[in-house]
Amino acid sequence: MTSRSVGTRQPLAEAIVALAETPDDVPDVHERLERVSQFAADRIGAVDYAAVSERPGDGSCTVAMSGELAAAVSGASAAPGTPDEQPVATTMTWPNFRHEAAGMGLSIVSVPLFTGSGAARATLDLYGHDAAAMAPLTVGICAAYDPDLPSPVDKAELRPLDDGGEELIAGFAEALSVRATIQLALALIGGPEEDAYLTLRLDAAQQGISLSDAASAVISSRLLPA
């Protein structure tokens, strides 16, 4: 399946945007969500852990830790004589991590992750020990939702976002744009939303294009002059 050109989009942003273009029923959605969490843990300096909750009500989540933190934990717990080149596990299932994080003194930033129907398929929770370093992530996510709100660069008291933080905000903002495009196309197709989504899904599959490209085609054919 082809998709839009990603240009210089970085891995975390690409993973978030690609998820927003992904049909809800693809078999590897869980792996795609894990990829988002691992990129977030590795690429955002303020983030020590990134947890994806696919079913928030049951308290279970998949937790990724930054490679640096994983190496430190592995080094502290390694038995004498353990080779340094042994692989370090950076992703694990950790029930009730959100509750336990409060006792670890961690700050949290929550980001919804959307799949192609527009549903919030999961929640990405970012955890860090430095509240001041986490604060611009919260401001940036809120500004992506509402452009009338101040961005992190508008608030002089905040620390600058690092490259990973900027990547998160940019990817989330673009995912919202993809979601809005698909939702507009579903409204133009008409009928019950589930039926409209199935129509768009089948159209994208038949043409071998992404949901967002199929949605853009619907919008162009119905709203733009011939």
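For the protein chain, the name recorded in an unreviewed UniProt entry is ANTAR domain-containing protein, with Actinoplanes missouriensis as its organism.

A. Expanded view of the pairing of strand β1 (residues 49–53). Counted residue by residue, β1 has 5 buried out of 5 residues, so it is predominantly covered. In β1, alternate side chains face the same way, and those of Y49, A51 and S53 on one face and A50 and V52 on the other are all buried. Where β1 and strand β2 (residues 62–65) come together, 4 bridges link them in antiparallel fashion. Bridging across to β2, V52 finds its partner in T62. Pairing analysis gives 5 bridges linking β1 to strand β5 (residues 120–128), with the strands arranged antiparallel. Each residue of the ladder has a partner; that of A50, found in β5, is L126.

B. Region of the structure containing the packing of helix α1 (residues 11–20) against helix α6 (residues 163–189). Taken N-terminus to C-terminus, the directions of α1 and α6 make an angle of 15°; their axes are 8 Å apart at the nearest point. Looking at the two axes, α1 sits roughly parallel to α6. Like other packed secondary-structure pairs, α1 and α6 cross with a definite hand, here right-handed. Contacts between α1 and α6 involve P11, L12, A13, I16, V17 and A20 from the first element and G164, E167, L168, G171, F172, E174, A175, V178 and I182 from the second.

C. Quick peek at the sheet that holds β2. Across the sheet, 5 strands lie side by side as β3-β2-β1-β5-β4; this open sheet has antiparallel pairing. Each edge of the open sheet carries a strand with a single partner, namely β3 (91–93) and β4 (107–114). Geometrically, the sheet is characterised by an average inter-axis angle of 20° between neighbouring strands, direction not taken into account.

D. Structural context of the environment of Q10. Relative to the elements of secondary structure, Q10 occurs in the segment before α1. Here the alpha-carbon distance between Q10 and E167, two residues 157 residues apart in the chain, equals 6.7 Å. Not counting the four nearest positions on each side in its chain, Q10 is found in contact with R43 and E167.

E. Region of interest: helix α7 (residues 193–207). Taking 1.5 Å as the rise per residue, α7 with 15 residues should run 21 Å; its terminal C-alpha atoms sit 21 Å apart, in good agreement. Within α7, burial applies to A196, Y197, L200, R201 and A204. Looking down the long axis of α7, one finds its buried residues gathered within 135° of arc, a one-sided arrangement. Across α7 from its buried face, at more than 90 degrees, point the exposed residues E194 and Q206. For α7, the secondary structure elements touched by its buried residues are α6 and α8 (211–223).

What counts as what
Residues numbered from 1 in each chain as written. Predicted model: local features only at pLDDT ≥ 70, side-chain atom pairs only at ≥ 80, totals over all residues. Heavy atoms only, no water. Buried < 20%, exposed > 50% of the residue type's maximum accessible area, 1.4 Å probe, protein only. Helix = DSSP H or I, 4+ residues; strand = E, 2+ residues; numbered from the N terminus. Pairing = 2+ DSSP bridges. Axes fitted to C-alpha atoms, helices over the stretch in contact; angles between N-to-C directions. Parallel < 35°, antiparallel > 145°, perpendicular 65-115°, else oblique. Left-handed = near helix turned anticlockwise from the far one by under 90°. Contact = heavy atoms within 4.5 Å. Expected span 1.5 Å × (residues − 1). Arc of directions from axis to C-beta.

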